[in-house]
Amino acid sequence: MATIEQLSQRTPKVSVDELLTGFFPSPRFGDVSFDSYRPDPGQPSQAAAVKALSEFADMVNQPEPTGLRKLFGAKKAPARAGIYLDGGFGVGKTHLLASLWHATAGKKAFGTFVEYTNLVGALSFRKAVDALSGYALVCIDEFELDDPGDTVLMSRLMRELADAGVKLAATSNTLPGSLGDGRFAAVDFQREIQVLADQFDVLRIDGEDYRHRGLPEAPVPFTEAGLHDRVRDLKGGPDGLLAEDAFSDLVKHLAGVHPSRYRQLIDGVDFIAWHSVETISEQAVALRFVVLADRIYDKDIPVLASGVAFDQLFTEEMMTGGYMKKYHRAVSRLTALARQGSEL
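**Q** What should I look at first to understand the overall build of the protein in this one?
**A** Along the backbone of the protein there are 14 helices and nine strands. Counting all 344 residues of the protein, 51% fall into the buried class. Residue pairs at least 24 apart in sequence account for 88% of intrachain contacts in the protein once pairs closer than 6 positions are excluded. Within the structure as shown, the protein displays about 15,800 Å² of accessible surface, and the carbon and sulfur contribution to it stands at 53%.

Here it is in C-alpha cells:
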C-alpha cells in the first residue's frame, strides 16, 4: 500500500559534508557504460564521441609521466584539461559523461552545473578549489551560464582546477564560446568566457531525442477526477511513497527551498502526482522548476498530472528565449516521466 506525502511540506536540511559526498551519478546512470550506449548508425558523431571519451578515460587513468620519464620521454603536444560534449537534448550526453566517470579510477566528482555553483556558495570559493583540486576528474553536467556572477566564478574555478592537474569533462547544449548568449551582456564577459572555452576540446554529438524516438505523442493529462481515481488506486496498490501536491502549492514552496536541496526534497519518493498543472509565467519560477524536473528525472520517478500538458508548462516566450534549451530539456524529460506515469 502506497503512503502519501506532500513535497510542499518538506524542508530538507543539507550539510556541507553531504554536499561533498553527493557528487556521483544519479541512480538512472548508476550502472551505465560506454558499452551500454547505443549510437545511432545514422549519426556517426555518436560513435566518434564514445571512442574519444574512452581515450580520455585512458588519459585520466594514466597521468602524464613526471621526473626523468617526462624529461627523456617522447615529446607530445600538451592536451587540454577538459573535454566538452556539445549537442541537443536527448542525444545521450549525460549517459556518456556518467560512463566516463565509471571508467576512471581515483578520486572523482560528478554533478550538475548548479550543484557546483551551490558547493562554492556553501564552502567559499577557495575551500571549494582546495577540496576539488585533489580529484583526478571533475564531471559537470548541464553546463550553462545564467548570469555574470556564474561566468566569473566558473571561469576561475575551471582555470584553477586545470592548473592543479584535474581533468575536466562537461556536457551542454551550447558551445563554450557561446555560453551566456541571450541571457545577459555576454559580450562584456568575453575574457572570462574565453578562459572557460580554452580549457576544453569540443565534441559535437548530433542526433534526435532518444526519449521520444519512435514513440507515440505525449500522453494526454489526466482529468482531475481521473487523477483522483488513479491516486486512490495507488494507495491500495504496491508499497511505495507517493508525493501528491497541488501544483500551485509546490511552485510556491520551491521559492523557499534552495535548489541545492531539491535532490533531498524528493528523497525516497516512488511516484509523483500533481493536481492542476498550469503554465508558469515567471522566469525565476520556471528556472527553479527546471532544476526540480532534472532531479526527478535523475531518480526516474513516474509523474501523474492533471491540468495543462507539459509542452505548455512554459510560455511561448520562454520556449524561444535565452533559456529555451533548458525549458526544452525539462519538457522532454517530464514528458518521458508522464509516459511512465500513464502506464502505472
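Now that the structure is up, let's keep going.
**Q** Any chance you could explain the packing of aromatic side chains here in plain terms?
**A** Here the distance between the centres and the angle between the planes together describe a pair of aromatic rings. Counting across every chain of the model gives six aromatic pairs. Between the aromatic rings of Phe247 and Trp274, the centroid separation amounts to 6.1 Å while the plane-to-plane angle is 70 degrees, which identifies the pairing as edge-to-face. Pair noted here: Phe247 is in helix H10 (residues 247-254) and Trp274 is in strand S8 (residues 271-277), with a separation of 27 residues, a long-range link. One aromatic cluster is present, built from ring pairs that chain together Phe247, Trp274, Phe289 and Phe310. Lying over the aromatic face of Tyr297, Arg28 brings its terminal NZ or CZ to 3.7 Å of the ring centre. In this structure, Lys108 packs its charged tip against the face of Trp101, placed 4.3 Å from the ring centre.

**Q** How do you make sense of the pattern of salt bridges when you look at a structure like this?
**A** Any two side chains of opposite charge can pair, so long as their charged atoms come close to each other. Inspection of the entire model under this criterion finds 16 salt bridges. Between Asp206 and Arg204 there is a salt bridge whose closest N-O contact spans 3.0 Å. On the basis of relative accessible area, Asp206 is assigned to the partly exposed category, the value being 30%. A salt bridge links Arg329 to Asp294; the shortest N-O distance between them is 2.7 Å. With Arg329 in helix H14 (residues 324-342) and Asp294 in helix H12 (residues 283-298), this pair connects stretches of sequence that are 35 residues apart. Here the two residues Arg329 and Asp294 agree in accessibility, since each one is buried. Linked through salt bridges whose partners overlap, the residues forming this network are Glu142, Asp294, Arg329 and Arg333.

**Q** Before we go on, may I ask you to explain the packing of helix H5 (residues 113-123) against helix H6 (residues 125-132) in this structure?
**A** Describing two packed helices takes the angle between their axes plus the distance from one axis to the other. At a closest axis distance of 6 Å, the pairing of H5 and H6 adopts a crossing angle of 120 degrees. As H5 runs across H6, the sense of the crossing is right-handed. Mapping the contact onto sequence places Tyr116, Leu119, Val120 and Leu123 in H5 and Phe125, Lys127, Ala128 and Leu132 in H6. Residue composition of the contact of H5 with H6, by class: seven nonpolar, no polar and one charged.

**Q** What is the right way to read the side chain of Asn118 from this model?
**A** Inspection of the secondary structure assignment puts Asn118 in helix H5. Those residues in contact with Asn118, other than ones at most four positions away along the chain, are His258, Pro259 and Ser260.

**Q** I would appreciate a short explanation of the pairing of strand S2 (residues 82-87) in the present structure.
**A** A regular strand carries its side chains on alternate faces of the sheet. Of all the six residues making up S2, six are buried; the element is thus mostly covered by neighbouring parts of the structure. Here S2 shows a buried face lined by Gly82, Tyr84 and Asp86 and a second buried face lined by Ile83, Leu85 and Gly87. The sheet contact formed by S2 and strand S5 (residues 167-172) spans five bridges and is parallel. From the neighbouring strand, Tyr84 faces S5, where its bridge partner is Ala170. Judged from the six bridges that link them, S2 and strand S6 (residues 200-205) form a sheet pairing that is parallel. Residue pairing for S6: Gly82 is matched across the bridge by Phe200.

Analysis parameters
- Residues numbered from 1 in each chain as written.
- Predicted model: local features only at pLDDT ≥ 70, side-chain atom pairs only at ≥ 80, totals over all residues.
- Heavy atoms only, no water.
- Helix = DSSP H or I, 4+ residues; strand = E, 2+ residues; numbered from the N terminus.
- Buried < 20%, exposed > 50% of the residue type's maximum accessible area, 1.4 Å probe, protein only.
- Contact = heavy atoms within 4.5 Å.
- Areas by Shrake-Rupley, 256 points an atom, 1.4 Å probe, with all protein chains shown as cover.
- Phe/Tyr/Trp six-rings, centres within 6.5 Å; stacked < 30°, edge-to-face > 60°.
- Lys NZ or Arg CZ within 6 Å of the ring centre and 35° of its normal.
- Salt bridge = Lys/Arg side-chain N within 4 Å of Asp/Glu carboxyl O.
- Axes fitted to C-alpha atoms, helices over the stretch in contact; angles between N-to-C directions.
- Left-handed = near helix turned anticlockwise from the far one by under 90°.
- Nonpolar A, V, L, I, M, F, W, Y, C, P; charged D, E, K, R; others polar.
- Pairing = 2+ DSSP bridges.

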